[in-house]
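Each chain, written out:
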Amino acid sequence: MAEPQLHRLTLPNGLRVVLAPDDAPGRAPVVGVSVHYDVGFRSEPEGRTGFAHLFEHLMFQGSESLEKLAHFRHVQGSGGIFNGSTHQDYTDYFQVLPSAALERALFLEADRMRAPKLTEENLRNQVDVVKEEIRLNVLNRPYGGFPWILLPPVLYGTFANAHNGYGDFTDLEEATVDDCAAFFDTFYAPGNAVLTITGDLDVEQTTELVHRHFGDVPARAVRERPSFAEPFPERELRGHHADPHAPLPAVAIGHRLPDPVGELDAYLANVVLAAVLTDGDASRLQQRMVYRDQLVVDVHAGCGLMGAPLDARDPDTFTFTAIHTPEVGADRVVGAIDEELDALASSGPTAEELSRVTARWTAGLHRENDRVVSRTLDLGSAELVHGKAELISELPRRISEVTVEHVAEAAKALRPDARAVLELEPAGSDSADSAGGTA
Amino acid sequence: MTAAHRTAEEIGRTEAGPRPLPPLGEPRSSQPPATVDTVLGNGLRVVAARHGAVPMVELRLRIPFAGEDTMHPARAEVLAETLLTGTSTRDRVRFDTDLAAVGGDLQSVVTPEQLSITGDALADGLPTLLDVLADALTDAVYPDTEVAGEKDRLVERLAVARSQPRVIAREALQRHRYGDHPFVREVPEAENVARVDSAEVRTLHQESVLPRGSVLVLVGDFDPDTVVAQVERALSGWSSQNSAEKLPALPTLDGGDVQLVHREGAVQSQIRLSAQGLPRTDPGYAALQIANLTFGGYFSSRLVENIREDKGYTYGAHSAFEFTRDNGTILVDADTASEVTAAALWETRYELGRFALVPPTGTEIESARQYAIGSLLTSTASQTGLASQLASLAVLGLGMDWLAAHPDRLRQVTGEQIAEAARYYAPTAFTGVVVGDAEKLLPHLNDIGGVVVG
């Protein structure tokens, strides 16, 4: 595949920079700019659940040079789009704009890295906004937070790995401006961030602009990142969750994965395993559980809690989720998954199964790469988490090198006696047959 | 965290002080992609555009698929779910395996207006993608076992769908604004799905999956002329003298009371308002588009700045258009905690009134204009983005020419035209629904008025 030519620099204040000019003919005059900070919800202090995400909201609320709301207006008034998101191990901010607005985007990112305005009024306002976000995505929604909020407290034992990254309302309400100041000084130093710029850009000119805008953001000490490692479970762990809005029961299974950074090839074998199990109508679990035995409404297997593989450092989670009918019961669902894992552990996938996974992965990466926003974010997170933005273009080859034996090994390692099983039970006054049908 | 950190005041201040915003550089225009837009012998319109830097191809097929029969939505849903599960030469697994071999995917979904088939593949896999598509279009057999299985799953999935607040709100809004027009039947009734048999699905396919009046969009790394010839060959067996069935015209939307719909156990409400807008083909559309952005169509809008950034009532508020053939409506939505729902509805109505009466300023207009032009550029910079954009335009009878000329249309819109368009936002022009916990909502909604219990 066409590999973007990467250019790197590191500023004296420690900011790492990745430039990926798009030299393809007919490219659109568009640039993507992202900043990934090496802090996610695993780093938030105890008693401050949801703080990393709340802080992400505050980074849009004005700076020394720009009043509240100005950031949004300047990005959109330049024809651009923006957003930010908080993950286990990082928080990202991005903009995609016509290339004529590149310098403006760099100014905006540098300005809030240098001197954001953290005020009581903005904090209280954004606590309210975040609570609405949580009501929208979790509390008022069937299967809200399933499995990314609900499964970790069953599988993991430490606060860092087990707590709710969206946050408890009490913790959010008790957050203070001084907590924000401490969080900023600890984690938002230039030496703790990666700036990524992709698309229609000139390397020399862009390098000059990066120095001009980010050069005088003062260096600050970067604290050594603690390890979030914890031992694998020594038995099967069970959890239950009552969902007041769900019409049907569901089950999630979580397994520990090999270290995504230190044991990348073993991790990728799990990525292939997940695809063999549930990607496409011909995959093993779709065939068996959806079409043949009709045990579930849908079933999904994948690496990572946030919906994508290679998004976090160790420890990371292999997840299964399935929505099923009450008659079937969670044990039959789990039992069917176990049988298919056993079959793969003893004989591995067929050569055809492997080649279909490789072809679909290659195509999927091409499509991701074609979108400036995903290209920018993928390069940035790969540089931050893996120290290696090139990983993105190496993936199709590395996926194609995964063998039948590797996948069998991966299936064998997903042991029933070292996993977490979460059962979600409908608990509302709504029953499956009346759920809003005539609302 | 560090014990000794700066205070928030110290963080927000530097020695050099505030800095000026850099100016924008010279805008660079891009060439519209090489495109062929033609109608094949079987009546199918094909739009093929060379675009993008990756060796992929994106496919979008849109078949008008309306039906008056009350059983139509259920039959159509089962058809969409089983279209790719069997022909005389392929079963479900063969479909998936053949597509996977070229990194491909095909999916079909149905709405009251159309059957959509969406796909992609590695560019050199296009012949396979077209072959699989042609096979389904001309030879789908709807095996009894597949139809029976999908019916069972659909009944369960409909229950899951109808537990989603946004689905409940959408159904309530559709019924409230359009009564029993076929456009409201977006989610079939479970008992109707249970009654569908495979013979009916086969008949529906024969009568309604038709090339005449349909449009196929292909975008990718290819030569458009060659691709059109490939399509002509691959789909030569797909033919009929009849035309695909178009949705009957929608009645013009009038303003009226908002209907309160109770949802047990809700901690948040869905506010959904709607008014008549303009079709995309209308000469006034560009002015309405800029007006809409200013009102609530993007983040830097009056509605978002009021009810999210000032008052914290919502995570997101939006004002958007919904286009059907020859018609366009305005949809305004926000989800808010039960405690602040009435206040949020009040502020939304206030902003609607202010918008109709106090036209957008020059600064508001220029920001929205740049956003409209720039976001069109960024959204069509990828193959997937361009393909989806062309497909939505194609069903309205538009094509690449319209898309390429649209930035200039946006540049030429005047303040007077926008002030005129803003009158579409008069609060009296809107109707809608609020879905939430009626017990908590009703006292305050009664206080502000204009709300009836549904």
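Residues numbered from 1 in each chain as written. Chains lettered and ligands numbered in written order. Predicted model: local features only at pLDDT ≥ 70, side-chain atom pairs only at ≥ 80, totals over all residues. Heavy atoms only, no water.

Trainee: Explain the overall build of chain B to me, please; I cannot follow it from the model alone.
Mentor: The helix and strand tally for chain B stands at 17 helices and twelve strands. Scaling as 2.2 N^0.38, a compact globule of 454 residues should have a C-alpha radius of gyration of about 22 Å, and chain B matches this with 25 Å. Principal-axis analysis of the C-alpha atoms places the extent of chain B at approximately 70 × 55 × 55 Å. For chain B, restricting intrachain contacts to residue pairs at least 6 apart in sequence, the fraction spanning at least 24 positions comes to 80%. For chain B, the accessible area works out to roughly 17,900 Å², and carbon and sulfur atoms hold 50% of it. In chain B, 40 side chains carry a positive charge and 61 a negative one; their mean positions are 2 Å apart. (Helix = DSSP H or I, 4+ residues; strand = E, 2+ residues; numbered from the N terminus. Rg over C-alpha atoms; globule rule 2.2 N^0.38 Å. Contact = heavy atoms within 4.5 Å. Areas by Shrake-Rupley, 256 points an atom, 1.4 Å probe, with all protein chains shown as cover. Lys, Arg positive; Asp, Glu negative; His and termini not counted. Charge placed at Lys NZ, Arg CZ, Asp CG, Glu CD.)

Trainee: Sorry if this is basic, but what is going on with the domain arrangement of chain B here?
Mentor: Interfaces are frequently sized by the accessible area removed from exposure as the parts join. All names here are of chain B. Domain annotation for chain B reports domain 1 (35-234) and domain 2 (258-453). A C-alpha centroid distance of 29 Å is found between domain 1 and domain 2. With 32 residues of domain 1 at the interface, the matching set in domain 2 holds 33 residues. Both sides together, the interface formed by domain 1 and domain 2 hides about 2,400 Å², and carbon and sulfur atoms give 63% of it. Together, His 51, Leu 173 and His 176 form the three largest contributors to the area buried by domain 1 at its contact with domain 2, with a combined 21%. At the boundary of domain 1 with domain 2, the tally comes to two salt bridges. Across the salt bridge formed by Arg 170 and Glu 322, the nearest N and O atoms sit 2.8 Å from each other. Residue contributions to the side of domain 1 that touches domain 2 peak at ten residues, all from helix 6 (residues 165-178). (Domains from an automatic or database assignment. Buried area = accessible area lost by both parts, 1.4 Å probe. Salt bridge = Lys/Arg side-chain N within 4 Å of Asp/Glu carboxyl O.)

Trainee: Would you explain the sheet that holds strand 2 (residues 16-21) of chain A in this entry?
Mentor: Consider a sheet: its strands pair through backbone hydrogen bonds, and that pairing is either parallel or antiparallel. All names here are of chain A. Taken together, six strands build an open sheet; the order of strands is 1-2-6-3-5-4 and the sheet is mixed. At either margin of the open sheet sits one strand with a lone partner, and together these are strand 1 (7-10) and strand 4 (81-86). Adjacent strand axes in the sheet meet at a mean angle of 15°, parallel and antiparallel pairs treated alike. Bridging between strand 3 (residues 30-37) and strand 5 (residues 91-98) involves eight bridges; their strand directions are antiparallel. Its bridge partner being in strand 5, Val 33 is matched across the sheet by Gln 95. Across the face of the sheet, helix 2 (residues 70-77) comes into contact with strand 4 and strand 5 while running at roughly 130° to strand 4. Helix 14 (residues 372-386) contacts strand 1, strand 2, strand 3, strand 5 and strand 6 (193-199) of the sheet and is inclined by roughly 30° relative to strand 3. (Pairing = 2+ DSSP bridges. Axes fitted to C-alpha atoms, helices over the stretch in contact; angles between N-to-C directions.)

Trainee: Explain the UniProt feature "domain: Peptidase M16 C-terminal" (unreviewed entry) in chain A here, please?
Mentor: Residues given the UniProt feature "domain: Peptidase M16 C-terminal" (unreviewed entry) here are residues 176-357 of chain A. As a span, residues 176-357 of chain A carries 40% helix and 20% strand, and end to end its C-alpha atoms are 48 Å apart. (UniProt positions renumbered as here; feature names shortened; annotations may be inferred.)

Trainee: So what exactly am I meant to see when it comes to the environment of A:Leu268 here?
Mentor: All names here are of chain A. By the secondary structure assignment, Leu 268 is in helix 10 (residues 264-278). Relative accessible area serves as the criterion here: at 0%, Leu 268 is assigned to the buried category. The spatial distance from the C-alpha of Leu 268 to the C-alpha of Gln 95 is 30 Å, given a sequence separation of 173 residues. Residues within four places of Leu 268 in sequence aside, it is in contact with Leu 310, Leu 395, Arg 398, Ile 399 and Val 402. (Buried < 20%, exposed > 50% of the residue type's maximum accessible area, 1.4 Å probe, protein only.)

Trainee: Before we go on, may I ask you to explain the interface of chain B and chain A in this structure?
Mentor: Across the boundary between the two partners, chain B contributes 92 residues, which contact 95 residues of chain A. Between chain B and chain A, the buried area comes to about 7,800 Å², and carbon and sulfur atoms account for 57% of it. There are ten salt bridges connecting chain B and chain A. A salt bridge links B:Arg19 to A:Asp216; the shortest N-O distance between them is 2.8 Å. Summed over the shared surface of chain B and chain A, the result is 39 residue pairs in polar contact (both at pLDDT 80 or more). Taken together, the residues of the side of chain B that touches chain A sort by class into 35 nonpolar, 31 polar and 26 charged. (Polar contact = N/O pair within 3.5 Å; in protein donor to acceptor, adjacent residues only side chain to side chain. Nonpolar A, V, L, I, M, F, W, Y, C, P; charged D, E, K, R; others polar.)

Trainee: Would you take a moment to explain the UniProt feature "domain: Peptidase M16 N-terminal" (unreviewed entry) in chain A for this structure?
Mentor: Here the UniProt-annotated "domain: Peptidase M16 N-terminal" (unreviewed entry) positions come out as residues 20-135 of chain A. Counted over residues 20-135 of chain A, helix gives 39% and strand 21%. Its end C-alpha atoms are 38 Å apart.

Trainee: Got a minute to help me understand the sheet that holds strand 10 (residues 317-324) of chain A in this structure?
Mentor: Residues and elements named next belong to chain A. Sheet architecture is open: five strands sit in the order 7-11-8-10-9, paired in mixed fashion. A strand with exactly one partner marks an edge of an open sheet, and here the two such strands are strand 7 (237-243) and strand 9 (296-303). Strand-to-strand twist of the sheet, defined as the mean angle between neighbouring strand axes without regard to direction, takes the value 15°. Seen against the sheet, helix 10 touches strand 9 and strand 10 and runs at an angle of roughly 165° to strand 9.

Trainee: I would appreciate a short explanation of the UniProt feature "domain: Peptidase M16 C-terminal" (unreviewed entry) in chain B in the present structure.
Mentor: As recorded in UniProt, the feature "domain: Peptidase M16 C-terminal" (unreviewed entry) lies at residues 197-370 of chain B. Helix makes up 40% of residues 197-370 of chain B and strand 24%. Its end C-alpha atoms lie 52 Å apart.

Trainee: Looking at this structure, how should I read the pairing of strand 1 (residues 35-39) of chain B?
Mentor: In regular strands, side chains alternate between the two faces of the sheet. All names here are of chain B. Bridge count between strand 1 and strand 2 (residues 45-50): five bridges; the pairing is antiparallel. Bridge pairing links Thr 35 to Ala 49 in strand 2. The antiparallel hairpin formed by strand 1 and strand 2 contains five residues in its connecting segment, where Gly 43 sits at a positive phi of about 95°.

Trainee: Help me out: how do you make sense of the pattern of salt bridges in this one?
Mentor: Any two side chains of opposite charge can pair if their charged atoms end up close together. Residues and elements named next belong to chain A. Summed over all chains, the structure comprises 73 salt bridges over all chains. The residue Glu 423 makes a salt bridge to Arg 238 at a minimum N-O spacing of 3.1 Å. Residue Glu 423 is located in strand 11 (residues 419-426), and its partner Arg 238 is located in strand 7; the two are separated by 185 residues in the primary sequence. On the basis of relative accessibility, which here comes to 40%, the residue Arg 238 falls in the partly exposed class. Between Arg 288 and Asp 293 there is a salt bridge; the shortest N-O distance is 3.2 Å.

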